[in-house]
Amino acid sequence: MTVSKDFAAFLLHGVTINLRNLKRSSCPSEKPPSKATYGLPLLLCLSVSPAWAIESCPQPAGQFVSIQSSVEVQSDSASNWRKASLNDALCEGDTIRVGESSRAAVQLLNDAVLRLDQNTTMRLLNVTEEPQERSLIDLIHGAFQSFSRKPRLLTVNTPYLNGMIEGTEFVVRVEDDSASLLVLEGKVMVANEMGNVAVNHGESAAAKNGQAPQKRVVVSPRDAVQWALYYPPLVADTAEQFAKANDNQSNPDFWVFHASQLLAVGRAEEASQHLAKALNLSPEHSDALALSAIVAVTQNDRKKALELAEKATSANENSATAWVALSYAQQAHFDLDGALGSLQKAVEAEPDNTLAWARLAELWSSFGQLDNALAAAEKATELNPELSRTQTVLGFAHMMQVDSNAAISTFDKAIALDQADPMPRLGLGLAKISQGDLQGGRGSMDVAAALDPNQSIIRSYLGKAYYEEKRVDIDQQQFDIAKELDPKDPTPWFYSAIAKQTSNEPVAALHDLQSAMELNDNR
């Protein structure tokens, strides 16, 4: 789902990244650009080593792996801007401009993935393949989340704080008068002329001009990246949804439509405000309640999600959208039988609802009903082959039929249709690994984790891929994150047990295996 042209017209705003391969062994000594020219700079130094090359770039820095809404590129030697496309190479001197209510993701040569928030200005000045040399990212304004699974020497410099990073996952943000750094995994020493402070996992530090950095303990650190989450779509036909909205602010459909567009680019807070306006106008508006339930599910507020979804089905028992939303809420409560029943009601109520059939295929898969899953996936594809979710479930159906070639082709199509959806990336990773391409498959899973950092199942499979690469400790990081994100999922406990047994930790492995067995009925 993408933002419509009409809606995007008033959303456009600049986000800039500049990529220059300087090939230096340390952070450059030049002063950063002035505030008058660029805003407030944040300089991030890190070492990288290339995992792939791009023929069109003599000195490639990375490539786009996800683009949503307004993203443009300007080369160092050109004055014009060109529209960015999926898989475009980022070359020496390139500048990227992302619009407001837009997002992008870039995969660097060392497999690190940078997830860019709206209204962000960033420059990548130095990328080197030498492990002991440093690379420089210039974040001028806004925020990005970094996923880097290889040990790196990182130096962060801003007008307000400097940091030496030993982390693999962190978020940096620069605002008009301050800078902050949140550590999700690893540790950082943050300092400026006024003082210094050590920042560990789950902590952040912030500083303003002329003040020492102050450490903050963050109660829910992953809430800081709500903007990076993926909200599954509920409506397949956005043109029909737009027609219902009728460009009339007194019509609740107007606010529901624009809320769905905002959720497509991760703007949950703004979307919730729109949904509140819709429910103000019509308290029993089924679609508004259903979409509100999806927000709650994605943000892990399971109780609220179930209440909202049940209200949505009560308000309109013939709405497939409401039943699909209820299926997500029930699945979040591990009520798979209830979720399956809701989806069967959804396709009965609206036999031509593509997303309902796609969701039904997912649920049949979770029960191991492969024939039913394939039939539902094929039905969804027949109804609308140009919808990412239909291609995604069809790709997983091919995987269950042990047809990895067909799965890869189908997942590639799903990615092109919805670049922000992490699930076809996960499927593509599994399919590549099944063909023996472990590095390529794990790279796809890295992107999946960046596109939805709070998805437990993605973390579990990513950890398993790291285990297969024999990357000790990094695999356990992912298993631990998965356990934290979804305490009732047996998957990370099972894979963790395998890894610990291999590492000669039999007692710990037995504990994890017993935990997996206790949780197994939750599937």
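Residues numbered from 1 in each chain as written. Predicted model: local features only at pLDDT ≥ 70, side-chain atom pairs only at ≥ 80, totals over all residues. Heavy atoms only, no water.

Chemist: Give a detailed account of the nonpolar core, specifying residues and quantitative values.
Modeler: Of all hydrophobic cores here, the largest spans 57 residues; its most connected members are Leu234, Leu263, Leu291, Val324 and Leu360. The greatest single-element share of this core, amounting to nine residues, is contributed by helix α6 (residues 286-298). Once residues lying within four places of it in the same chain are set aside, the contact partners of Leu263 are Tyr231, Ala268, Ala271, Leu291 and Val295. Ile96, Phe144, Tyr160 and Val190 belong to the second-largest nonpolar core, a separate cluster that totals 33 residues. (Core = buried A, V, L, I, M, F, W, Y, C linked by side-chain atoms within 4.5 Å. Buried < 20%, exposed > 50% of the residue type's maximum accessible area, 1.4 Å probe, protein only. Helix = DSSP H or I, 4+ residues; strand = E, 2+ residues; numbered from the N terminus. Contact = heavy atoms within 4.5 Å.)

Chemist: Summarise unusual backbone geometry; cite the residues concerned and give the values.
Modeler: Positive phi outside glycine occurs at Asn87, with the angle close to 75°. Tracing the backbone shows Asn87 in the loop between β5 (82-83) and β6 (89-90). Under the relative-accessibility criterion, Asn87 is labelled partly exposed at 46%. Phi angles above zero are rare outside glycine, and Asn504 is one such case at about 65°. With respect to the helices and strands, the residue Asn504 is situated in the loop between α18 (491-502) and α19 (506-519).

Chemist: Could you give an account of a nonpolar patch on the surface, naming the residues involved and the relevant values?
Modeler: Taken together, the side chains of Phe494, Leu513 and Met517 define a hydrophobic patch exposed on the protein surface, amounting to about 300 Å² of accessible area. Within the fold, Leu513 resides in helix α19. (Patch = residues over 30% accessible without salt bridge, like charges linked within 9 Å, V, L, I, M, F, W, Y side chains within 5 Å. Areas by Shrake-Rupley, 256 points an atom, 1.4 Å probe, with all protein chains shown as cover. Salt bridge = Lys/Arg side-chain N within 4 Å of Asp/Glu carboxyl O.)

Chemist: An account of the environment of Ala236 is needed here, citing residue identities and associated values.
Modeler: Among the secondary structure elements, Ala236 is positioned in the loop between β19 (214-217) and α3 (238-245). Note on Ala236: relative accessible area 26%, which makes it partly exposed. As for Ala236 and Glu386, which are separated by 150 residues in sequence, their C-alpha atoms are 9.9 Å apart. Once residues lying within four places of it in the same chain are set aside, the contact partners of Ala236 are Thr354, Leu355 and Leu387.

Chemist: Pulling in residues and values, what's your account of the pattern of salt bridges?
Modeler: Evaluated as defined, the whole model comprises 19 salt bridges. One salt bridge connects Arg389 with Glu362, and the closest N-O pair in it is separated by 3.4 Å. With Arg389 in helix α12 (residues 388-400) and Glu362 in helix α10 (residues 354-366), this residue pair connects regions lying 27 residues apart in the sequence. For Arg389, a relative accessible area of 9% puts it in the buried group. Judged by relative accessible area, Glu362 falls into the partly exposed class, the value being 25%. Taking the shortest distance from any N to any O, the salt bridge between Asp512 and Lys500 comes out at 3.0 Å. Placement of the pair is Asp512 in helix α19 and Lys500 in helix α18, with a sequence separation of twelve residues. In this structure, Asp512 and Lys500 share a single accessibility class: buried. Among the charged side chains, a network of salt bridges with common partners joins Asp117, Arg173, Arg267 and Glu270.

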